[in-house]
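# Structural features, examined
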Amino acid sequence: MTERNWHGRVFIGVSLDGYIAREDGDIDWLTDPPQNRTHRPGNDDRPAQTWETFFPTVDHLVMGRGTYEKVLNFGEWPYSRKRTIVLSSTLATTDPRITVAGSVEAVCELLAARSAQQVYVDGGRVIQSFLRADLLDELTVCVAPVLLGGGRRLFGDLEADLCLELVASHIGDGGMVHSTYRVHR
């Protein structure tokens, strides 16, 4: 990849066993967790990113087709103030809220042309592709206190170890452990 002037950032929920969704794409364990559990509070002296602190800082969003289609099921489009790129080689749409790019390289060209600065990367396969292409600088992973036993994994195979530096961590509502990591280069 060529030199870039934007930062690739991830904010994603994952089960304790590393899944971002069930095999059928369902994320009810994340969107509607049980409310009858109590969790021990942790040390919050260096809290990690929360959605409320993370989302306002990004100017672009890159997601995969599956994530795009999942978001369409939520009703109202939650990204109206963000320039959104969907990474897909098969999506045909006239949705004016998004731009479709057929490859990671095409996404990078769009981000450069648009003078992107802070790019939110979402969706398991897209995150994996951006990791393999060394396009991510920060990962905030929110681990939910649930074991799914199977589903869609967050991380895939890498050619080499990817070292991360823990920047901050805290326990959020519902017992989710939020950790923000910087990619160590």
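Here the structure is shown first, and the text comes after it.
For the structure given in this document, a descriptive report is provided here. (Residues numbered from 1 in each chain as written. Predicted model: local features only at pLDDT ≥ 70, side-chain atom pairs only at ≥ 80, totals over all residues. Heavy atoms only, no water.)

### Focus: helix α3 (residues 65–72)
Defined as follows: Type-normalised accessible area, obtained with a 1.4 Å probe on protein chains alone, sets the label of each residue: buried when under 20%, exposed when over 50%, and partly exposed for intermediate values. Helical segments are the DSSP runs of H or I of at least four residues, strand segments are the runs of E of at least two, and each set is numbered from the N terminus. This arc describes the spread of directions from the helix axis toward the C-beta atoms.
Within the sequence span of α3, burial applies to Thr67, Tyr68 and Val71. The arc that holds the buried residues of α3, viewed along the axis, is 100°, so those residues lie on one side.

### Points about the layout of surface pockets
A water-sized probe, rolled over the atoms, reveals where empty space remains. Just so we agree on the cut-off: Within this scheme a cavity is a closed region of a 1 Å grid, computed over the protein atoms alone, that accommodates a 1.4 Å probe without allowing it to escape, whereas a pocket is open but has protein on both sides within 12 Å along at least five of seven lines; lining residues each have an atom within 4 Å of a point. Grid points are joined across faces, edges and corners, and a volume is the space filled by probe spheres set on the points. Side-chain classes are defined by residue name, with Ala, Val, Leu, Ile, Met, Phe, Trp, Tyr, Cys and Pro counting as nonpolar, Asp, Glu, Lys and Arg as charged, and the others, Gly among them, as polar.
The space that makes up the largest pocket amounts to roughly 1400 Å³. Forming the walls of the largest pocket are 40 residues, and the residues nearest its centre are Ile12, Ile27, Leu30, Thr67 and Asp122. Of all the secondary-structure elements, those providing two or more residues to the lining of the largest pocket are β1 (7–15), β2 (19–21), α1 (28–31), α2 (51–54), α3, β6 (118–122), α5 (124–132) and β8 (152–153). Among the residues forming the lining of the largest pocket, the class breakdown is 17 nonpolar, 14 polar and nine charged.

### Quick look at the side chain of Thr67
In plain terms, the rule: Whether two residues are in contact is decided by their heavy atoms: any pair within 4.5 Å suffices.
Structurally, the position occupied by Thr67 is in helix α3. Using a relative accessible area of 18% as the deciding quantity, one classes Thr67 as buried. When sequence neighbours within four positions are dropped, the list of residues in contact with Thr67 reads Asp122 and Gly123.

### As for empty space enclosed by the protein
Applying the stated rule across the entire model yields one cavity of 30 Å³ or more. The calculated volume of the largest cavity comes to roughly 30 Å³. Of the residues in the lining of the largest cavity, the class split is three nonpolar, two polar and two charged.

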